[in-house]
Amino acid sequence: RPDSVRWASAQDDVLRRDFTINGLLFDPLEGDGVVIDHVGGLEDLRAGIVRAIGDPDARFEEDKLRLLRAVRFAARFDFVIEEETWRAIRKRAAEITEVSVERIRDELERMCTQSEPAPAFQLLDRSGLWPCVLPEVEITATLLMRLKHASALGPLTAWALLCAELAPREAASLVKRMKLSSATVKHVERA
């Protein structure tokens, strides 16, 4: 948490954000409304690119959750992660464990509920994030097939699917570590 609050310009605010596609501003007072783009977000949006604003290492150092957010955005919108951003994600993948498990859990659930989960989990695997966020779950052809055949899942179904191939004790350990709700734990135990 900051020690003090310092007012900044709109451009300064944008330059502290994570990705160019999230750095767009809308001015509703300008005629029919004007999109203000200080970081090339419109171009990246049109091209289908997830790109960190400025130096990717600096962006990910500020908040390691951005590693997962990049994957989620790319999968949800069928975008490509820009090369320097992707390189920084792969380099820093192990640092995701510095983020609270609740924030990680919420991102994983968004990956399952906002769009088809398979692309997100394939990117998790390719980036090196998978073993850091879900070390209990081995990525198998069967799991990937199940994920490919699943459209957007609810959180209960997503966790049950991820725990399907685990022994009961391993599944219990995962749901406890991820601090899932009691209802989700009961659902996973029944699945």
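Up top is the structure these notes are about.
Residues numbered from 1 in each chain as written. Predicted model: local features only at pLDDT ≥ 70, side-chain atom pairs only at ≥ 80, totals over all residues. Heavy atoms only, no water.

Draft legend 1. Up close: the overall build of the protein chain. A tally of helices and strands in the protein chain yields 12 helices and four strands. Summarising its shape, the C-alpha atoms of the protein chain cover approximately 55 × 40 × 30 Å along the three principal directions. A total of 191 residues make up the protein chain; the buried ones form 41% of that total. Intrachain contacts of the protein chain at a sequence separation of at least 6 include 68% that bridge at least 24 residues. In the form shown here, the protein chain has an accessible surface area of approximately 10,600 Å², with 51% of it arising from carbon and sulfur atoms. The distance from the centre of the 28 positive side-chain charges to the centre of the 32 negative ones in the protein chain is 5 Å. (Helix = DSSP H or I, 4+ residues; strand = E, 2+ residues; numbered from the N terminus. Buried < 20%, exposed > 50% of the residue type's maximum accessible area, 1.4 Å probe, protein only. Contact = heavy atoms within 4.5 Å. Areas by Shrake-Rupley, 256 points an atom, 1.4 Å probe, with all protein chains shown as cover. Lys, Arg positive; Asp, Glu negative; His and termini not counted. Charge placed at Lys NZ, Arg CZ, Asp CG, Glu CD.)

Draft legend 2. Structural detail: the nonpolar core. In terms of nonpolar packing, the biggest core is built from 52 residues, with Leu108, Phe121 and Leu134 touching the most fellow members. Secondary-structure elements contributing two or more residues to this core are α4 (66–77), α5 (83–92), α6 (101–113), α7 (117–127), α8 (130–133), α9 (141–148), α10 (155–163) and α11 (168–177). Among the elements that make up this core, the one with the highest residue count is α4 (seven residues). (Core = buried A, V, L, I, M, F, W, Y, C linked by side-chain atoms within 4.5 Å.)

Draft legend 3. Just the packing of α4 against α6, in detail. Where α4 meets α6, the closest approach of the two axes is 10 Å, and the angle between their N-to-C directions is 5 degrees. With respect to their mutual orientation, α4 and α6 come out roughly parallel. On the side of α4, the interface is formed by Leu68, Arg69, Val71 and Arg72, while α6 contributes Ile104, Glu107, Arg110 and Met111. Partitioned by chemical class, the residues of the contact of α4 with α6 number four nonpolar, no polar and four charged. (Axes fitted to C-alpha atoms, helices over the stretch in contact; angles between N-to-C directions. Parallel < 35°, antiparallel > 145°, perpendicular 65-115°, else oblique. Nonpolar A, V, L, I, M, F, W, Y, C, P; charged D, E, K, R; others polar.)

Draft legend 4. Summary view of the side chain of glutamate 82. Position of glutamate 82 relative to the elements: it lies in the loop between β4 (80–81) and α5. With residues up to four places along the chain from it excluded, the contact list for glutamate 82 reads Ile49, Val50 and Arg51.

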